[in-house]
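# Descriptive analysis of the structure
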Amino acid sequence: MYTLFAYTRDPSQRLVRFAVDQTVQRELTTYLDAQVSFFEQEREDIIFDGKYKPDDDEMLVIEGFDDIDNLAAAIVAPLNFPIADPNNFSFDQIRALFFGKTENGTTSVYLQNFDKRKLISETGFSIFHAQNVYKRIEGTGLTLNTKITAKLQGNVLKFFSFFLISQMFDMSSYYQVATDADIAEFANLPQVSVQDQDALISVSDNWVRNKFWLIKQSGILEKVAPADLKVIAAEFGIPVVYEAVDGTERLQLPIDKKQLKTLLRFLDEDYYKSPLSKTNFVTNSKRAV
């Protein structure tokens, strides 16, 4: 039997459990067990690097994940955790629902993403269909998701969507974005020219900041000569502008956000040519073969 828990934003009640009657418990376990079976289907594990969007037969993996709130402890000893009482607990503090099991000394925690749209609140007016009429739902409640978002086993986290997992956990240690200082450092590279650093920083949203970080880590500007970069950019129709500074060609970073994103996507190698049709493509998901 699975015990259902909520993982919350409330530091005084970080983990709470839901007390249900025996009939609901059996139905709940059957419902969740089907989700576990689907999640545990054989898939290829892809180490998460912030670049790759998995296919249906793949799953992202972070090894060395820090379960700072010890969700596994709730699975092992559920009665040690308080019941989610609507009288002293705010349901809108829930960031995820979770449940799990321990087999052969190993505890698996399965998580579902949760948002306020799944709340059933006394402040609203909710109805359900029964015996050919609609009846009002009284009290506070919630709706479970139809599938598992992630699995945490020891220090290994498996998931399909970074966006959804980032709603549950602080993922800043696993997904890097450039800070203002990082962008300024990038702008001062000897291969780059920037007319207005403050303007560049102001147009840099999270997508741009992540690209800056990835490009800096790849060292692509140091590895590829300006002449080669110009030829490749021309092949894909990407506008690149160089200027001579102290006898060195430097790549100009545009301040216009659309132009900047096009250039950064190119530098992060999101463009590729099909080896068969020779057609140019752009992708938002890639990993080395």
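Keep in mind the model is a prediction, meaning the values are calculated, not measured.

## Considerations on the environment of Glu243
Note that Glu243 resides in strand E14 (residues 242-245). Every residue in contact with Glu243, bar those within four places of it in the chain, is listed here: Ser193, Gln195, Thr248, Glu249, Arg250 and Gln252.

## Quick word on the pairing of strand E1 (residues 5-8)
Side-chain positions along a regular strand alternate between the two faces of the sheet. Covered by surrounding structure in E1 are Phe5 and Tyr7 together with Ala6 and Thr8, the residues of both alternating faces. The pairing of E1 with strand E2 (residues 15-17) spans three bridges and is classified as antiparallel. Of the residues in E2, the one forming a bridge with Phe5 is Arg17. Between E1 and E2, which pair antiparallel in sequence order, lie six residues. With four bridges connecting them, E1 and strand E5 (residues 94-103) associate as antiparallel partners. Directly across from Tyr7, in E5, lies its bridge partner Ala96.

## Focus: the packing of aromatic side chains
Inspection of the entire model under this criterion finds twelve aromatic pairs. Taking the ring centre of Phe38 as reference, the NZ or CZ of Arg43 above it sits at 5.0 Å. Seen from the ring of Tyr7, Arg95 lies directly overhead, with NZ or CZ sitting 4.9 Å from the centre.

## Some remarks on helix H1 (residues 22-39)
For H1, which comprises 18 residues, the first-to-last C-alpha distance of 25 Å matches the rise-based estimate of 26 Å (1.5 Å per residue) to within 8%. Each element contacted by the buried residues of H1 is listed here: strand E4 (58-63), E5, strand E6 (106-113), strand E11 (150-153) and strand E12 (156-159). For H1, the N-terminal capping position is held by Asp21, with its side-chain oxygen 3.2 Å away from the main-chain nitrogen of Thr23.

## Comments concerning the pairing of E5
Counting buried residues in E5 gives seven out of ten residues, a clear majority hidden from the surface. Both E5 and E6 contribute to a ladder of eight bridges, which runs antiparallel. For Phe99, the partnering residue across the bridge sits in E6 and is Tyr110. Between E5 and E6, which follow one another and run antiparallel, lie two residues, and Asn104 among them has a positive phi close to 55°.

## Comments concerning the sheet that holds E2
In space, the eight strands of this open sheet follow the order E2-E1-E5-E6-E11-E12-E4-E3, with mixed pairing throughout. Looking at strand neighbours, the two that pair on one side only are E2 and strand E3 (44-47), the edges of this open sheet. Neighbour to neighbour, the strand axes of the sheet diverge by 30° on average, direction disregarded. On top of the sheet, H1 reaches E4, E5, E6, E11 and E12; it is set at about 100° to E6, its chief contact.

## Examining the nonpolar core
Among the nonpolar cores identified, the biggest contains 27 residues, and Phe186, Leu200, Phe212, Leu221, Leu253 and Leu267 are the most heavily contacted of them. For this core, the secondary-structure elements that each account for two or more residues are helix H4 (180-187), helix H5 (197-202), helix H6 (206-218), helix H7 (220-223), helix H8 (226-236) and helix H9 (257-267). The greatest single-element share of this core, amounting to five residues, is contributed by H9. When neighbours within four sequence positions are excluded, Leu267 is seen to be in contact with Ile215, Ile220, Leu221, Leu229 and Leu251.

## A look at the sheet that holds strand E13 (residues 192-193)
One key point about sheets: their strands pair by backbone hydrogen bonds, in either a parallel or an antiparallel sense. Strand order in the open sheet formed by three strands is E13-E15-E14, and the pairing between neighbours is mixed. Sheet topology places E13 and E14 at the edges, where each strand pairs with a single neighbour. Pairing between E13 and strand E15 (residues 248-252): two bridges, direction parallel. Residue Val192 lies in a different strand from E15, and its bridge partner there is Leu251.

## A closer look at the confidence of the model for the chain
In this model, the chain carries a mean pLDDT of 86, and residues with pLDDT of at least 70 account for 88%. The lowest-confidence element of the chain is strand E17 (residues 280-282), averaging 55 in pLDDT; the highest-confidence one is E11, averaging 97.

## Observations concerning the pattern of salt bridges
Using the criterion set out here, one finds ten salt bridges in the structure. Lys101 is paired through a salt bridge with Glu103; the nearest N and O atoms lie 3.9 Å apart. Residue classification places Lys101 among the partly exposed positions, given a relative accessible area of 25%. Here Glu103 falls in the partly exposed class, since its relative accessible area comes to 47%. Within the structure, one salt-bridge network assembled from shared partners comprises Asp205, Lys257 and Lys261.

## Some details on the side chain of Thr8
Looking at the secondary structure, you find Thr8 in strand E1. Residue classification places Thr8 among the buried residues on the basis of a relative accessible area of 0%. In this structure the side chain of Thr8 is engaged in a polar contact, spanning 2.6 Å, whose partner is the backbone oxygen of Gln13. If we skip the residues at most four places from it in the chain, Thr8 touches Gln13, Arg14, Val16, Phe89, Gln93, Ile94 and Arg95.

Calculation criteria
Within each chain, residues carry numbers counting from 1 in the order of the written sequence. The predicted nature of this model means local features are confined to residues of pLDDT at least 70 and side-chain atom pairs, given and counted, to a pLDDT of 80 or more, with totals for whole chains, interfaces and linings taken over all residues. Side-chain numbers come from the whole structure's heavy atoms, not from hydrogens or water. The helix and strand labels rest on DSSP assignments: H or I over at least four residues marks a helix, E over at least two residues marks a strand, and numbering proceeds from the N terminus. Working rule for contacts: check all heavy atoms of both residues, and any pair within 4.5 Å makes them a contact. Summary of the burial criterion: residues with accessible area below 20% of their type's maximum are buried, those above 50% are exposed, and those between are partly exposed, where the area comes from a 1.4 Å probe applied to protein chains only. Strands are treated as partners if at least two bridges between them are detected by DSSP. Pairing of aromatic rings covers Phe, Tyr and Trp, the last counted by its six-membered ring, and requires centre-to-centre distances within 6.5 Å; plane angles under 30 degrees mean stacked, over 60 mean edge-to-face, and any other angle means tilted. The rule for a charge over a ring is simple: NZ of Lys or CZ of Arg within 6 Å of the ring centre, and within 35 degrees of the ring normal. Expected helix span is taken as 1.5 Å per residue step, with the number of steps being one fewer than the number of residues. Each polar contact in these results corresponds to two N or O atoms within 3.5 Å; when the atoms are within protein, one needs to be able to donate a hydrogen and the other to accept it, and residues that are neighboring in sequence are counted only if both atoms are side-chain atoms. The angle between two axes is taken between their N-to-C directions and runs from 0 to 180 degrees, where each axis is a line fitted to C-alpha atoms and a helix contributes only its stretch in contact. Put simply, a nonpolar core is a bunch of buried Ala, Val, Leu, Ile, Met, Phe, Trp, Tyr and Cys residues held in one set by side-chain atoms that sit within 4.5 Å of each other. Think of pLDDT as the predictor's per-residue confidence, scored from 0 to 100. The salt bridge criterion pairs a side-chain nitrogen of Lys or Arg with a carboxyl oxygen of Asp or Glu, the two atoms within 4 Å.

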